Each structure stands twice: as structure tokens, then as C-alpha cells.
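# Reading the structure
Next come the chains, spelled out residue by residue.
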Amino acid sequence: MLLCLSAWCLSASAQSPAFSDNAESIAVVVGNRTYKQTSTVDFAHNDAEAIKAWLTGTLGFLEQNVFLLKDATLGELNQVFGSEANPQGGRLWRSAVEGRSNVFVYYSGHGVPDLATRQPFLLPQDGNPNASESGYAVQTLYRNLELVRQKIGPQRQLIVMIDACFTGETGRKGESLLAVSAPGFTPAKPRTGGGIVKLVATSGTTPANWDESQKLGLFTSRFLMGAAGLARPAGAPETGPLAWSDLQRYLKDTVEAAARRDSGREQVPEIDPASIALPVAQPVPAVARAVAQARDEANWQRAKAAGERSALETYVARCGETCQYRETALALLFDKRRSTEAVSDEQNWVRLGGSGKYEDYLEGCGTVCAYRALAEGYLGRTDASRDPRVQECDELASDPNDPDRREGVKGVKFGRLDTRAAIAACRQAAEAQPEVRRLSYQLGRAYDKAERHKDALAAYDKAAEAGSAAAMNNLGTLHENGQGGKVDLQKAFVFYERAAGTGNAIAMSNVGRMLQYGRGRARDESGALRWYQKAAEAGDAFSIAKLVPAYLEGRPGFPKNPQKGFDLFRQAADKGDPIAMVSMATLIDNGFGSYFPGTNALQMLMKALEKGEAGAAAVSSSDVSDQKLKPDTVRALQRATQKADHYSGAIDGRFNPVFVRALDSYARSLEQER
């Protein structure tokens, strides 16, 4: 994105008359969502509409001067920007007025590279991602815009914002636009003069991600949120223009953090420095809720840090429609009252418990009931699972992989947690039955899913202190990723190691990974393999994949024995691990079928799909692994998916975008049938 237009281009000291109005400023906003020859960019139309709303609502662009193109063809891009042969033949050149127009250009959609020249292209709606001649070269765009820049003159500005990447990837993991895989491909950077300010969603080999919660491109989402005032540094005045340097810092920090957290991938935006200040107005509707939540979070953190009654009361009184921490603030305000109730509870226990009147004590319990567990124990009611509050928390937030999970409860996958209901139920259950550690862990999961990471840390800490291995492992993850606080690899390692000591397979694998890559501890390959071996014996497919090369090659402590290595995959598959199933299928297709008698690749893939989205993700990711499935196997899987009425695309033996989405739908239906 490139930005500096009249009313929003202010100097640090005073507004220049040249920037005082945008009555004749021009913008081109392109949102390419639907493509004829490749997958959709789901939120590109939303991106374009949101940027247009910002241009007209905050910067004062006239509606008729914002040229909005949706699903633009190559012909339409040439018509608006000019072609390679006729750079001044575009509508933008003709519309820009010398000395009176600022220019803003925005693009959201697919970007593709030419693998031979490494040059990036914008992909038109009718373009072929594997044929660069059908795209609009970014170099041509910049060259033509340089001419527009010269026309409008030095007192006016031209900004370009591109929410796309040029590595050949899409916003979906494991999905490529290109027929030829190009792992690690780095596109070239088109040359530009010094007159254009550029904001580009990502750089180098990193892909551009989506903000699923806002239904926007991640870069666009964070730009609009920052421009609405969230980019102001803590303690800065809440009025006045926003410095470009603050927006630049905010974009880099928040885009990188959100991409890493939400997709596990890197995204590093490129933003040109500029002497620009932006006016701040109400956020556009597309990000209004997110901005309100972010401001509420900041207000709460200030109130909590102050800790004073007046600060907490001010937060509750002013938080308005968005008030995520109302209940927590009220709980803190009621602490004094609770203290009084605690004294009364103590007196009741001495009076009634001492004479064996446990039932009377329980009936008289108020908010504070410190001796509930003792009274119920004396009465023979030691099974906390009978408590309806506990039952509700278990149903809403049990972890399917937690050894503490109550028998008979299936559990809820992390991605399907209903955070609002789970937080309410598990908070009550954990307060009522503080001795049941899984309740604190389940409360932590709900906070974690809601991205209330500081609350998740507190709940996990309580469960971990009581011995919950799952909570220890999740604490390690939060500290490793810097969620809820700063990144602390040493603390992450300690929690992983504590959890691993209880026999938690995922934690063992995490310890191995940390040692393998030297995170939180010195690099230790042999130590990593020992931990991977323990995790593999417990059925962790990731660790098995790390061990198999040791058995194939023969390393210290791992005598050469391919059969033993491959048997680990079979054992994990027999226990229901979809990653192990797909690994077996891939190995069978790559000449190792003799190690897996009695099965074939397609059978293993179908078993994996029965595990739902986890199985679909494992199958799709096989397309980017070192050893791939045979095209014949992929075609057989496409036919099975087609027969089940989930796929209508080509039987081409490739993980094309339509097939990847169909696999997810098919897997969900298979899981529901089980």
C-alpha cells in the first residue's frame, strides 16, 4: 500500500495547502475475487469496498473519483493503468489533474511470478497463473505510475498498496497457483523511482494471509485498524494526525504476529518510509468491531494495571457495547464483598461442620464455599462429575487428547470451541470445584481459543500446578509464541520438559524439536532423537517422521532397521493418527509398499479422511512434502470424492484448489457419519 493524499498528507508541523482537499484526487481500487482458471481470493471484494469507504469517508475523495474494479480482466487493467505499449493511454493518466490530484492505487487479488524471469505479475480475472503473458506486470504498473507521478507534480503524492504475494502460493496452506512446485521461490523486486510510496503485503518468500475474523486480507485489515488510531503509541495523544512511522511500525508488528499466530506462517510486509501524517476518523464498518475490541483491551489493561477501584469502575462505566472484561472487572470490584463472605463462610463451617451438620453447611453456602469439597466428602459425595456445572464445562470444553478428560465425554476440538459458552461454564465449574484440575485446563483452552492469552496463562498455570500435563504443554506453546507476554524460549522449554516427564507425547515431541533446533537450550541432535523416540513410542506421528531417517540410515542408538522405523507409522495409524495414515500412503506410493503388506495408498487416505478436517489437512499437505502421492492415487481419490458429490472438478491427479476444498468438505461429511 502506498499512501499520501491531500487531507491525509500532513507535515509534522502544519498542513500544506496542497493537501487541504481531495476534491480532484483520483483512486483506482481493484478487488479480484473470482478467477476463471484458478481459486478464488475469498475476501478481495470486501477489501476493495473497505478501502473505498476509507478513501471517501476519511480522506474526502469524491465517490465519482474512486474507480472501483471488481474481478478486473487484463483488458480492464490496461484500460485503467495503461498498457506496456501505451503507458499514457489509461483512464488514470487522463483523469489525474496537474498540481491538483493526489493518486491512490490499491490491489487485492492473486499475484503470480514468472519462474523464468522472477518478475511479479498481478493476475487478472481471465489470466492463467502459469502464463505470465496473461498477467499485468508489476514493473509495468510502477513504470506507468511514475509517469502519472510526474504529471501531478512534486506537491502531490502517489501511493500504491498491494495486498497480494508473488510466490505462487495462495492464502490456503498447501495450495499453489502454479503447475510446477517452486518451494522457496523468491520473486524479483520491480524497480521504481523515488516518487511513489509503496505498501506491499509481504516480501521475499513469505505468503500473504487472510484475516478470517474480519473477512479481509490480513494486511488490509491491519492497515485500516492502524489508520483508525490503533497505531498510536501507548501514551500518545488520542487526537491529531497519525505519524506515518507509527503506522509503519504498527503494520509490521501486527501483521507478522497475526500471521504467525493464526496460520503458523511468516508474513513480513514492505512499507516505504515517508514524511506523512494521516487524519484519524471513525473506523470503516469492515473493521469497526475489531477496533472497538482492541480499544477495549487497551482500556482494560490500563485499568487492571492501576488496580484501583476508581479505575475499574471507570472501565465498567465507559466500556459501552464492546466490554470483554466486564465480568472480570466486576469480580475484582466484588473482592471486598467476597472477603466479607469468606469470613462468614469460615464461621459457618466452625459452627456447623464441627457438629457434623454438613448438609446445613452446604445449604447455607453463598458465593464463597471454601469447605464444599470437605462437606461433600464427609457426606460421600466425592464425585465432582455429578456437579451440573462440571458436566456443562466438560461437554463444552473437554480436550479429546487430555488424559484427564472425564470418561464418556467425547471432547471438543480446539477449532470448534464455543468460547463464550465455554468460558462462562468453565469459570463457574472451576470456582465451584477448584480441586478438579481439568476444569482450569478447560477454562484455559476456552480463553486460548478466544485469544485472551493472559487469562489463558492464568488458568493453565493453575491446572499445571495441580499436575495437568496438557496445561504444562500449552503453557510452553504460549511462552514460545509470545502469546500473553514476551517470547520466553527458556520458560517454554521448562514447561515442555515438565509435561514430557509425565508421558505427554506432544510435549515429548516439543522437547525434541526445541533441542533439534536449539530453541531454549543448546542444539542437541542426539538428545532430540531420544525424545522423538519416546514420543514416537507413544504414537506421535511428527516424531515418527523424525525417527524414520535415523532407522533408514543407521545412527548412534538407532541401528539400521527400516522395518522398525516404518512399523512406527503403522502403529500410530492403527491408533487413529491421520498424519501417520497419510505418511504410510505416501511411502507406499514411493516404493516402500513391501513394508506395509495388506494395505494400499488409497485405503489409508480414505481412513485419514474419516478423521475430519485433520485428515483432510494431512492429505492436502502431502502435496508439499518431499515424497508425494502418485498422480494415479490422487486421481482415484478425486473419483471417490466426486462419487460422494463433493467434487466436480477435473480428474487430473493434482491437488488443484477446487479439489483441496472438496477434500475438506468430504472429510467433514465422513466424520459426521462415524
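Look up: the structure comes first, before these words.
The structure reproduced in this document is the subject of the present report. Just so we're clear, the structure is a prediction, and the values are computed from it rather than from any experiment. (Residues numbered from 1 in each chain as written. Predicted model: local features only at pLDDT ≥ 70, side-chain atom pairs only at ≥ 80, totals over all residues. Heavy atoms only, no water.)

## Remarks on the nonpolar core
Formally: Grouping buried Ala, Val, Leu, Ile, Met, Phe, Trp, Tyr and Cys residues that are joined through side-chain atoms within 4.5 Å yields what is termed a nonpolar core. Note on classification: 1.4 Å probe, protein chains only; a residue is buried when its accessible area is under 20% of the maximum for its type, exposed when over 50%, partly exposed between these limits. Here a residue-residue contact requires only that any non-hydrogen atoms of the pair lie within 4.5 Å.
Of all hydrophobic cores here, the largest spans 84 residues; its most connected members are Leu547, Phe569, Leu609, Val619 and Phe655. The contacts of Leu609, once residues within four sequence positions are left out, are Gly615, Ala616, Val619, Leu637, Leu663, Tyr666, Ala667 and Leu670. Ala50, Ala208, Ala227 and Val284 belong to the second largest nonpolar core, which has 44 residues in total.

## A word on the side chain of Thr58
Put simply, the rule reads: Under the scheme used here, helices are H or I runs from DSSP no shorter than 4 residues and strands are E runs no shorter than 2 residues, and both carry numbers assigned from the N terminus.
Along the chain, Thr58 turns up in the loop between helix H1 (44-57) and strand S2 (66-70). Beyond its immediate sequence surroundings of up to four residues, Thr58 is in contact with Ala53, Pro279, Ala281 and Gln282.

## Notes on the packing of aromatic side chains
Selection criterion: Ring pairs are drawn from Phe, Tyr and Trp, using the six-membered ring of Trp, whenever the two centres fall within 6.5 Å, and their geometry is named by plane angle: stacked under 30 degrees, edge-to-face over 60, tilted for the rest. As a reminder, the over-ring test applies to NZ of lysine and CZ of arginine, requiring each to be within 6 Å of the ring centre and within 35 degrees of the ring normal.
A complete count under the given rule lists 17 aromatic pairs for this structure. Between the aromatic rings of Phe592 and Tyr595, the centroid separation amounts to 6.4 Å while the plane-to-plane angle is 40°, which identifies the pairing as tilted. For Phe592, a relative accessible area of 22% corresponds to the partly exposed category. Residue Tyr595 is classed as partly exposed on the basis of its relative accessible area, which comes to 25%. Here the aromatic rings of Phe655 and Phe659 are separated by 5.7 Å at their centres, their planes lie at 35°, and the arrangement is tilted. Taken individually, Phe655 and Phe659 each receive the classification buried, so the pair is uniform in this respect. Following the ring pairs from residue to residue traces out a cluster consisting of Trp349, Tyr358, Tyr361 and Tyr371. Of note, Arg91 hangs over the ring of Phe67, and the distance from its end group to the ring centre comes to 3.6 Å. Stacked on the ring of Trp93, the Lys or Arg Lys151 has its end atom at 4.6 Å from the ring centre.

## Observations concerning the sheet that holds strand S4 (residues 111-113)
The condition that has to hold: By the convention used here, strands pair only if DSSP detects at least 2 bridges between them.
Across the sheet, three strands lie side by side as S4-S5-S6; this open sheet has antiparallel pairing. Two strands lie at the open edges of the sheet, namely S4 and strand S6 (136-137), each paired on one side alone. Summarising the sheet, S4 and strand S5 (residues 120-122) pair through three bridges and their orientation is antiparallel. Looking at S5, one finds that Val112 is bridged to Phe121.

## Quick word on the sheet that holds strand S1 (residues 26-31)
In any sheet, the strands associate via hydrogen bonds between backbone groups, in a parallel or an antiparallel arrangement. Heads up, the condition is: To obtain each axis, a line is fitted to C-alpha atoms, and for helices this fit is confined to the stretch in contact; angles are then taken between N-to-C directions over 0 to 180 degrees.
Spatial strand order, S2-S1-S3-S7-S8-S12: six strands in an open sheet with mixed pairing. Edge positions in the sheet fall to S2 and strand S12 (270-271), since each has one partner strand and no second. Bridge count between S1 and S2: five bridges; the pairing is parallel. Across the sheet, the residue bridging to Val28 is Phe67, located in S2. Helix H2 (residues 74-81) contacts S1, S2 and strand S3 (103-108) of the sheet and is inclined by roughly 165° relative to S1.

## Quick word on unusual backbone geometry
Glycine aside, residues mostly have negative phi angles, and peptide bonds mostly take the trans form. Even without being glycine, Asp71 reaches a positive phi, approximately 55°. Here Asp71 shows up in the loop between S2 and H2.

## Let's talk about the pairing of S3
Judged by how many residues are buried, S3 sits mostly within the fold: six of six residues are covered. Burial along S3 is two-sided: the residues Val103, Val105 and Tyr107 and Phe104, Tyr106 and Ser108 are all buried. The pairing of S1 with S3 spans six bridges and is parallel. The residue bridging Gly31 from the neighbouring strand is Ser108, located in S3. Here S3 runs beside strand S7 (residues 158-163); their pairing, made up of six bridges, is parallel. Across the sheet, Tyr106 pairs through a bridge with Met161, a residue of S7.

## Some details on the environment of Gly484
With respect to the helices, strands and loops of the structure, Gly484 is situated in the loop between helix H17 (469-481) and helix H18 (489-500). Look at Gly484 and you get partly exposed, because its relative accessible area is 27%. Sequence separation of Gly484 and Asp455 is 29 residues, and the distance between their C-alpha atoms is 8.0 Å. Contact partners of Gly484, with chain neighbours within four places excluded, come to His453, Lys454 and Leu457.

## Looking at the state of the cysteines
What counts here: Two cysteine sulfur atoms make up a disulfide if the distance between them is within 2.5 Å.
Considering all chains together, one arrives at two disulfides under this definition. One disulfide bridge connects Cys319 with Cys323, the sulfur atoms lying 1.9 Å from each other. The sign of the -80° torsion about the S-S bond sets the Cys319-Cys323 disulfide as left-handed. You can call Cys319 buried: its relative accessible area is 13%. The exposure class assigned to Cys323 is buried, which follows from its relative accessible area of 17%. Two residues share a disulfide in this structure: Cys393 and Cys426, whose sulfurs sit 2.1 Å from each other. Across the disulfide from Cys393 to Cys426, rotation about the S-S bond amounts to roughly 100°, and the bridge is consequently right-handed. Highlighted residues: Cys393 in helix H13 (residues 388-397) and Cys426 in helix H14 (residues 419-432), separated in sequence by 33 residues.

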